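Survey of secondary and tertiary structure
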Amino acid sequence: MLALRRLARRPGTRAFTVLALESSADDSCAAVVSSAPRILSNVVLKQHSIHEVYGGIYPKYAILGHQHNLPLAVRRALDEAGLDVRNDIDGIAFTRGPGMGGCLSVAANAAKSLAAALNLPLVGVHHMQAHALTPLLTSRPNPPKFPFLSLLVSGGHTLLLLASSPSSFCTLATTLDESIGRSYDKVSRHLGIPWTEFGPGAALEQFCAQPNDDLPDLPPYPHPLKGQLALSYSSLHAYVERYLDAKGGLDNIDLPTRLALARGFQTAAVAQLEEKLLLAFAWCQRKDIHVHDVVVSGGVASNTFLRQRLAACIAKVDSPVTLSFPPPALCTDNAVMIAWASMHRFLAGDYDPYTIEILSKWDIETLGAI
């Protein structure tokens, strides 16, 4: 109640300012965002140098990395925003889930302790909801309008959703095995592509972009679940594994063949998204749901090839459709999206208790029910 009285004394013209924390995977993130809306700071501390040797996120070291990095990220976020946590922050938000349980707990414990110590309201945010709502912040002055289709593509998820409001989502399609981002990471590792500062998936994209069109012909990649609102990516990286095994390993593959394998994979991976997006529009048409916006977010949404192919895809839709992507820096995990996704709840006075628990698995259709 003290926090509510403290907020009530502030001038009505003052924007509500949120400090948000995110640690659901291997990025330690803190940000300050106001309801103006305005991004006051955005800090992301990565751990790629720790995990590259393991070919992916090693949970124990990811948790230790967060314990080291998150306090630094919070301090930097406040300093870059030029704000004092005691006098200028109105609410604390954090990623409640889904994600890696041990990783989630680092930001969750920090956020709950900060909010309790400062007597500030607290909101736990669904990670994929935050990705879906980011363009409502970054696409101003013409943000997507509900209802819209949301394609969320990351290392942990591949979801095609119908968003009816900030807290109402219907899942139209999801992967039946692994995410597109995980498949990118595996193929990158199979082809021996060194990580960039943005990780193995970005490294594969960069590898595919090198100028060389004199490539060998390869058998076609599989196109699973054709005509169905469902996705599958395990068969794509399995194709690469089988090809390499048949040739006696990566050491027996020349650069043009590696490049052909990488480009073939990327084309097949994105082709699934194109087909499912068109199927989703057909589903909406049958249900008499009028959709004029598509939001694409998540780490894989920063991929330039994907952006170009999806732009060409929606041009096939009969009615006018606007395609929205966050800036690449806000496609990958960040705390700006967590702050923004919490904002409507803070402004409505809809807070979580300090005892709220993380949810490593959390169906986005159950938002508001848990």
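For the structure itself, consult the block above.
Presented here is a report on the structure given in the accompanying data block. Please read these numbers as outputs of a predicted model, since none were measured by experiment.

**Description of the overall build of the protein**
A tally of helices and strands in the protein yields 11 helices and 10 strands. Against the globule reference of 21 Å for 370 residues, the protein gives a C-alpha radius of gyration of 21 Å, in line with a compact fold. Its C-alpha atoms put the protein at 70 × 50 × 35 Å along the principal axes. The buried share of the protein, taken over its 370 residues, is 53%. Considering only contacts within the protein whose residues lie at least 6 apart along the sequence, 73% involve residues at least 24 apart. Total accessible area on the protein is roughly 16000 Å²; 54% of this is exposed by carbon and sulfur atoms. Treating the 31 positive side-chain charges of the protein as one cloud and the 32 negative ones as another, the clouds have centres 7 Å apart.

**Digging into the pattern of salt bridges**
Counted under the stated rule, the structure contains 10 salt bridges. Put simply, arginine 14 and aspartate 90 hold a salt bridge, and the shortest N to O gap is 2.6 Å. Linking arginine 14 in the loop between α1 (2-8) and β1 (17-22) with aspartate 90 in the loop between α3 (59-81) and β4 (91-97), this pair joins segments that are 76 residues apart in sequence. For aspartate 90, a relative accessible area of 2% corresponds to the buried category. Between glutamate 275 and lysine 276 there is a salt bridge, with its nearest N and O atoms 3.0 Å apart. The burial state of glutamate 275 is the same as that of lysine 276; both residues are buried. Overlapping salt bridges bring together Arg345, Asp350 and Asp352 as one network.

**Focus: the environment of aspartate 217**
With respect to the helices and strands, the residue aspartate 217 is situated in the loop between α7 (200-208) and α8 (234-246). Relative accessible area serves as the criterion here: at 78%, aspartate 217 is assigned to the exposed category. Here the alpha-carbon distance between aspartate 217 and alanine 260, two residues 43 residues apart in the chain, equals 7.7 Å.

**Structural notes on the pairing of strand β6 (residues 148-153)**
With six of six residues buried, β6 is to be regarded as a mostly interior element. Of the two faces of β6, the one holding Phe148, Ser150 and Leu152 and the one holding Leu149, Leu151 and Val153 are both buried throughout. Across six bridges, the pairing between β6 and strand β7 (residues 158-165) is antiparallel. Residue pairing across strands places leucine 149 opposite leucine 162, the latter belonging to β7. Counted between consecutive antiparallel strands, the loop separating β6 from β7 contains four residues. Where β6 lies against strand β9 (residues 293-297), four bridges are found, and the strand directions are parallel. Its bridge partner being in β9, serine 150 is matched across the sheet by valine 295.

**A few points about the packing of α8 against helix α9 (residues 255-286)**
Between α8 and α9, the least distance of the axes is 10 Å, while the angle of their chain directions is 160°. With respect to α9, the axis of α8 lies roughly antiparallel. Seen from above, α8 lies across α9 with right-handed handedness. The segment α8 lies against α9, with Leu236, Tyr239, Tyr243 and Leu244 engaging Thr257, Leu261, Phe265, Ala268, Ala269 and Gln272. Considered class by class, the residues forming the contact of α8 with α9 number eight nonpolar, two polar and no charged.

**Notes on the state of the cysteines**
One pass over the structure, following the stated rule, counts zero disulfides. Cysteine 208 carries a free sulfur, and the closest cysteine sulfur to it, the one in cysteine 331, is 18 Å from it. Unpaired in this structure, cysteine 284 has its nearest cysteine sulfur neighbour in cysteine 170, at a distance of 8.8 Å.

**Regarding the sheet that holds β6**
Read across the sheet, five strands follow the order β8-β7-β6-β9-β10 without closing on themselves; strand pairing throughout is mixed. Both outer strands of the open sheet, β8 (168-174) and β10 (322-324), are each paired with one neighbouring strand and no more. With direction set aside, neighbouring strand axes in the sheet form an average angle of 25°. The strands touched by helix α10 (residues 304-314) are β6, β9 and β10; relative to β10, the strand with the most contacts, the crossing angle is about 160°.

Calculation notes
All residue numbers here refer to positions counted from 1 along the written sequence of the relevant chain. In view of the model being predicted, local features appear only for residues whose pLDDT reaches at least 70, and side-chain atom pairs are presented and counted only at 80 or more, with totals across whole chains, interfaces and linings using the full set of residues. The basis for every side-chain value is the complete set of non-hydrogen atoms in the structure, without hydrogens or water. Numbering of helices and strands runs from the N terminus; a helix is a DSSP stretch of H or I covering at least four residues, while a strand is a stretch of E covering at least two. Taken over C-alpha atoms, the radius of gyration is set against a globule rule of 2.2 Å times the number of residues to the power 0.38. Residue exposure (1.4 Å probe, protein chains only): buried if accessible area is under 20% of the type maximum, exposed if over 50%, otherwise partly exposed. Two residues qualify as a contact provided that any one of their heavy atoms is within 4.5 Å of a heavy atom in the partner residue. Surface accessibility in these figures is a Shrake-Rupley result with a 1.4 Å probe; residues are shielded only by whichever protein chains are displayed. Under this rule, positive means Lys or Arg and negative means Asp or Glu; His and the chain ends count for nothing. By convention, the point assigned to a charge is CZ for Arg, NZ for Lys, CD for Glu and CG for Asp. Basic side-chain nitrogens of Lys or Arg form a salt bridge, by our definition, when they fall within 4 Å of a carboxyl oxygen of Asp or Glu. Criterion used throughout: strands pair if DSSP finds at least two bridges between them. Note on definitions: angles span 0 to 180 degrees between N-to-C directions of axes, and those axes are lines fitted to C-alpha atoms, for helices only across the stretch in contact. Roughly parallel here means an angle under 35 degrees, roughly antiparallel means over 145, roughly perpendicular means 65 to 115, and every remaining angle is called oblique. Two helices cross in a left-handed way if the nearer one is turned anticlockwise from the farther one by less than a right angle. They cross in a right-handed way if the turn is clockwise. All residues other than Ala, Val, Leu, Ile, Met, Phe, Trp, Tyr, Cys, Pro, Asp, Glu, Lys and Arg, Gly among them, are scored as polar; the first ten of these are nonpolar and the last four charged. Here, a disulfide means two cysteine sulfur atoms that sit within 2.5 Å of each other.

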